[in-house]
Amino acid sequence: MPTIPPLPDLLQTGPMMPMIERQLAEHFTVHRLDEDGAEKMLAEVGPRIRAVATGVGSTAGGANRVTRELLARLPGVEIVSNFGVGYDAVDTAAAAERGIVVTNTPGVLDDEVADLSVALLLATIRRLPQAERHLRAGLWPKGGFPLSPTLRDRTIGIVGMGRIGQAIARRLEGFGRPIVYHSRRPVAGLPYTHYPSLIDMARDVDAMIVIVPGGPETQHMINAEVLKALGPTGSLINVARGSVVDEAALIQALAEGTIASAGLDVFADEPHVPAALMAMDNVVLLPHVASATHVTRDAMGQLVVDNLTAWFAGRPPLTPVPETPVSSRA
């Protein structure tokens, strides 16, 4: 009888969706970094690892990041498949130096994140969670909820104009408000005004939606100076990464009235949210749920698996990130 080749060894850095784990077990010999004895496991099987699956629980502040140090213990690794469009938890520079391909899950979550971004914008400006709390507390019979600000008189600025940024802008067109954006360079074919300067855009808009990648290049790009430019009637919406906003500066700006309000789906040290933000009534806080629907998370999970199985079938991965090479399978 023909000999069945052994399954490739794969390192899973943390818990993942059951549908991902089930398929990984079908195609790979899976070793889990989050289990007891991880150090011993890495010493024994690290040289055999050819793939890494990561993402859930691997945000910038998480314990399961794919660091240069971890990759150094995996001399045979060929591909890192990341769950999520953001991949700042993976050291792509170290991967590129080794010829390791990194993949992410773009495209399949664009609409979901764009929908949530618009919902968070409306909830923040119209103070919808606060109004619901007013009703649930039995306060309506004692007096109506105070009038809220409006989207009607606002210019909306988008920080980042990739796929998700463009999806957000298309949805906002239906509200009939001016839309402008800041990015490193203008995007051809878009009808929105491009601002090369983030400060200039912040000064000219009344609401700002942040949707840029995380990582060192965008660390604290929304700082005290930007918030001051946004001004006392301005609203900040962050659906990007917590690292993009200087959280201490944001808390101070909200407390002092430097800006009016904020809607946040992401935080600097997830899942821990500063008590100061929790206590404020001019913020709307969500637990990083922009893409968190069954349909979208299943599509993201399938893309994690499909990138890996394509690679080990001798095909290029479906969604490699631009920082890492794919020439060996092109």
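Residues numbered from 1 in each chain as written. Predicted model: local features only at pLDDT ≥ 70, side-chain atom pairs only at ≥ 80, totals over all residues. Heavy atoms only, no water.

Student: Just to check I follow, could you spell out the overall build of the chain for this structure?
Tutor: Scanning the chain from N- to C-terminus turns up 12 helices and 12 strands. Against the 2.2 N^0.38 benchmark of 20 Å for 330 residues, the chain shows a C-alpha radius of gyration of 22 Å, consistent with a compact globule. Considered along the principal axes of its C-alpha atoms, the chain spans approximately 80 × 45 × 30 Å. Scored against the burial criterion, the 330 residues of the chain give a buried share of 49%. Sequence separation of 24 or more characterises 62% of the internal contacts of the chain that already satisfy a separation of 6 or more. Summing over all exposed atoms, the chain offers an accessible surface of approximately 15600 Å²; the carbon and sulfur share of this is 56%. Averaging the positions of the 28 positive and the 35 negative side-chain charges in the chain gives two centres separated by 3 Å. (Helix = DSSP H or I, 4+ residues; strand = E, 2+ residues; numbered from the N terminus. Rg over C-alpha atoms; globule rule 2.2 N^0.38 Å. Buried < 20%, exposed > 50% of the residue type's maximum accessible area, 1.4 Å probe, protein only. Contact = heavy atoms within 4.5 Å. Areas by Shrake-Rupley, 256 points an atom, 1.4 Å probe, with all protein chains shown as cover. Lys, Arg positive; Asp, Glu negative; His and termini not counted. Charge placed at Lys NZ, Arg CZ, Asp CG, Glu CD.)

Student: Please explain the pairing of strand E1 (residues 9-12) as it appears in this structure.
Tutor: In summary, the side chains of a regular strand alternate between the two faces of the sheet. On E1, burial covers both faces: Asp9 and Leu11 on one face and Leu10 and Gln12 on the other are all buried. Relative to strand E2 (residues 29-32), E1 runs parallel, the two sharing four bridges. Across the sheet, the residue bridging to leucine 11 is histidine 31, located in E2. As paired elements, E1 and strand E3 (residues 49-54) share four bridges and run parallel to each other. In the strand pairing of E3, leucine 11 is matched with valine 52. (Pairing = 2+ DSSP bridges.)

Student: Explanation requested: the confidence of the model for the chain in the structure shown.
Tutor: Atom-level detail of predicted coordinates should not be read off regions where pLDDT is low. The pLDDT averaged across the chain works out to 93; a share of 95% of its residues lies at or above 70. Here residues 57-62 is a poorly scored stretch, pLDDT under 50, and it has 12 contacts once near neighbours within four places are set aside; other chains count. (pLDDT = per-residue confidence, 0-100.)

Student: What is the right way to read the sheet that holds strand E8 (residues 193-195) from this model?
Tutor: Each strand in a sheet pairs with another by means of backbone hydrogen bonds, the pair being arranged parallel or else antiparallel. One open sheet accounts for seven strands, arranged E8-E7-E6-E9-E10-E11-E12; its pairing is parallel. The open sheet has two edge strands with one neighbour each: E8 and strand E12 (283-285). Along the sheet, successive strands turn relative to each other by an average axial angle of 20°, direction set aside. As paired strands, strand E9 (residues 207-210) and strand E10 (residues 235-238) are joined by four bridges and run parallel to one another. From the neighbouring strand, alanine 207 faces E10, where its bridge partner is serine 235. (Axes fitted to C-alpha atoms, helices over the stretch in contact; angles between N-to-C directions.)

Student: So what exactly am I meant to see when it comes to the nonpolar core here?
Tutor: In this structure, Ile20, Leu121, Ile158 and Leu172 are the most contacted members of the largest nonpolar core, which totals 44 residues. For this core, the secondary structure elements donating two or more residues are helix H1 (18-27), E3, helix H5 (110-125), strand E6 (156-159), helix H7 (163-173), strand E7 (179-182), E9 and helix H12 (294-312). (Core = buried A, V, L, I, M, F, W, Y, C linked by side-chain atoms within 4.5 Å.)

Student: Is there a simple way to think about the pairing of strand E4 (residues 79-82) in this case?
Tutor: With burial as the criterion, each face of E4 is covered, one bearing Ile79 and Ser81 and the other bearing Val80 and Asn82. Of the strand pairs in this sheet, E3 and E4 are connected by four bridges, and their pairing is parallel. In the sheet register, alanine 53 faces E4, and the bridge partner there is serine 81. Following the chain from E4 across helix H4 (residues 92-98) to the adjacent parallel strand E5 (residues 101-103), one finds a crossover that is right-handed. (Right-handed = clockwise from strand over helix to strand, strands pointing away.)

Student: Any chance you could explain the sheet that holds E5 here in plain terms?
Tutor: Here we have five strands laid out as an open sheet, ordered E2-E1-E3-E4-E5, and parallel in their pairing. Two strands lie at the open edges of the sheet, namely E2 and E5, each paired on one side alone. On average, each strand axis in the sheet is tilted by 20° relative to the strand beside it, whichever way the strands run. The strands that helix H2 (residues 38-45) touches are E1, E2 and E3; relative to E2, the one it contacts most, it runs at about 140°. Contacts between H12 and the sheet are confined to E1, E3, E4 and E5, with E4 contributing the most and set at about 160° to the helix.

Student: Honestly, H2 in this entry has me stumped. Any pointers?
Tutor: Because each turn of an α-helix spans 3.6 residues, side chains separated by three or four positions in sequence point in the same direction. Along H2, the residues classified as buried are Ala38, Met41, Leu42 and Val45. All buried residues of H2 lie within an arc of 100° about the axis, which places them on one face of the element. Exposed residues pointing more than 90 degrees away from the buried face of H2 are listed as Glu39, Lys40, Ala43 and Glu44. Contacts made by the buried residues of H2 are with E1, E2, E3 and helix H3 (68-72). (Arc of directions from axis to C-beta.)

Student: Explain the side chain of threonine 296 here, please?
Tutor: Along the chain, threonine 296 falls in helix H12. Exposure remark for threonine 296: the relative accessible area of 4% places this residue in the buried category. A distance of 2.6 Å separates polar atoms of two side chains, one belonging to threonine 296 and the other to glutamate 112. Sequence-distant contacts of threonine 296, defined by excluding residues within four places in its chain, comprise Val108, Leu109, Glu112 and Ser291. (Polar contact = N/O pair within 3.5 Å; in protein donor to acceptor, adjacent residues only side chain to side chain.)

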